[in-house]
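What follows is the residue order along each chain.
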Amino acid sequence: MMVEESSLDRYRWAMWALPLMAMSVLFEKGEAIWLSLPGSGTKCVSEEIHNNVVVLADYVVISDDHVHPTPTISVKVTSPYGNNLHQHENVTHGQFAFTTTEAGNYLACFWVDGHNPSGGSLSVNLDWKTGIAAKDWESVARKEKIEGVELELRKLEGAVEAIHENLLYLKSREAEMRTVSETTNARVAWFSLMSLGVCIGVSFLQITYLKQFFQKKKLI
C-alpha cells in the first residue's frame, strides 16, 4: 500500500505536533482565582510581569448568601509605579485589558461597596490571563487563514517566544540583584571598617584620658 507524499508529510507533522501541542498547553499562563471578600476590607492579588506583556482579565461577583440583586463591588488595578489601569465602582462583573509598560508587580484590588444589605461575604471569580494565554488566537486564525496543526504550531512558537522573553527578564533581574548585593556588601564592609576605626580611636582616647587622670592624682 502506497502513501502519497503529501499525506505522509501531514502525518509526520502531526506526529511532531502532538507532543508540542501538549507542551504549549503547559506554557500558556492563565488562571482562575476565587477571592472571598469580607463585608468590610479589601482583597488584592498581584503578579510580577515584565514589560510589553498583554494582560486580560474577567471578573464576576457571586453572593455566598444568594442575595438578589447581587451586591456590587469596586475594582482597582494599578501598575508597579501606582498608575491606575482600571477602576470601576458599583459593578457585579467586568473586564480589563492592558499591555504592560512597566516591569514589576501589578496589583488588582477588590472590595465590597456600601450597598450590601445582607452584610455577608462575597466571592469574586477572577480569570487572569497574561502573555500567550491572553492572545486572541481565533482572530489570528481567521486573519491568516490557518487552522489545525499549523495553528497549534503558531501557538507553540508564541509560547517559546514568551519563555525566551521571561528568561531574558529573569536574567536582567538577576544581574540587577547581583549588582545591588555587591554594592550592599561593599557598603557594609566600609561601614564595618569605619566602626572598627571609631572603636579603636575611642579606646585610645579613653586610655589617654585615664592615664592623664591617674598621673594628676599621682596614682602612677
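As recorded by an unreviewed UniProt entry, the protein chain carries the name GOLD domain-containing protein and is attributed to Cuscuta campestris. In the Sequence similarities (unreviewed entry) part of its UniProt record, the protein chain is described as follows: "Belongs to the EMP24/GP25L family." Regarding the protein chain, the relevant UniProt record gives this comment under Subcellular location (unreviewed entry): "Membrane".

Moving on, we come to unusual backbone geometry. You will see that Asn52, though not glycine, has its phi angle at about 60 degrees, which is positive. In this structure, Asn52 sits in the loop between strand 2 (42-49) and strand 3 (54-63). Here Asn52 falls in the exposed class, since its relative accessible area comes to 58%. A positive phi angle is found at Asn90, which is not glycine, with a value near 55 degrees. For Asn90, the location among the structural elements is in strand 5 (residues 84-91). By relative accessible area, which is 44% here, Asn90 ends up partly exposed.

This part is about the UniProt feature "transmembrane region" (unreviewed entry) in the protein chain. Per the UniProt record, "transmembrane region" (unreviewed entry) is annotated on residues 188-210. Here residues 188-210 runs as 100% helix and 0% strand, with 33 Å between its end C-alpha atoms.

Before going further, it helps to spend a moment on the packing of aromatic side chains. What characterises a pair of aromatic rings is the spacing of the ring centres plus the angle enclosed by the ring planes. Inspection of every chain in the model, using the stated rule, returns six aromatic pairs. Measuring from centroid to centroid gives 5.9 Å for Phe96 and Trp128, while their planes differ by 70 degrees, and the two rings are edge-to-face. Placement of the pair is Phe96 in strand 6 (residues 93-99) and Trp128 in strand 8 (residues 122-130), with a sequence separation of 32 residues. Taken as a pair, Phe96 and Trp128 share a single burial class, namely buried. A centroid spacing of 5.7 Å and a plane angle of 25 degrees characterise the contact between Phe98 and Tyr106, whose relative ring orientation is stacked. You can call Tyr106 buried: its relative accessible area is 2%. Following the ring pairs from residue to residue traces out a cluster consisting of Tyr59, Phe96, Phe98, Tyr106, Phe110 and Trp128.

So, about the confidence of the model for the protein chain. When the pLDDT values of the protein chain are averaged, the result is 78; 76% of them are 70 or greater. Of all helices and strands in the protein chain, the one with the weakest mean pLDDT is helix 1 (residues 5-27) (43), whereas strand 4 (residues 73-78) scores best (92). Low pLDDT, under 50, characterises residues 1-28; the stretch is placed with 17 contacts to residues that sit more than four places away or in other chains.

Rules used throughout
- Residues numbered from 1 in each chain as written.
- Predicted model: local features only at pLDDT ≥ 70, side-chain atom pairs only at ≥ 80, totals over all residues.
- Heavy atoms only, no water.
- UniProt positions renumbered as here; feature names shortened; annotations may be inferred.
- Helix = DSSP H or I, 4+ residues; strand = E, 2+ residues; numbered from the N terminus.
- Buried < 20%, exposed > 50% of the residue type's maximum accessible area, 1.4 Å probe, protein only.
- Phe/Tyr/Trp six-rings, centres within 6.5 Å; stacked < 30°, edge-to-face > 60°.
- pLDDT = per-residue confidence, 0-100.
- Contact = heavy atoms within 4.5 Å.

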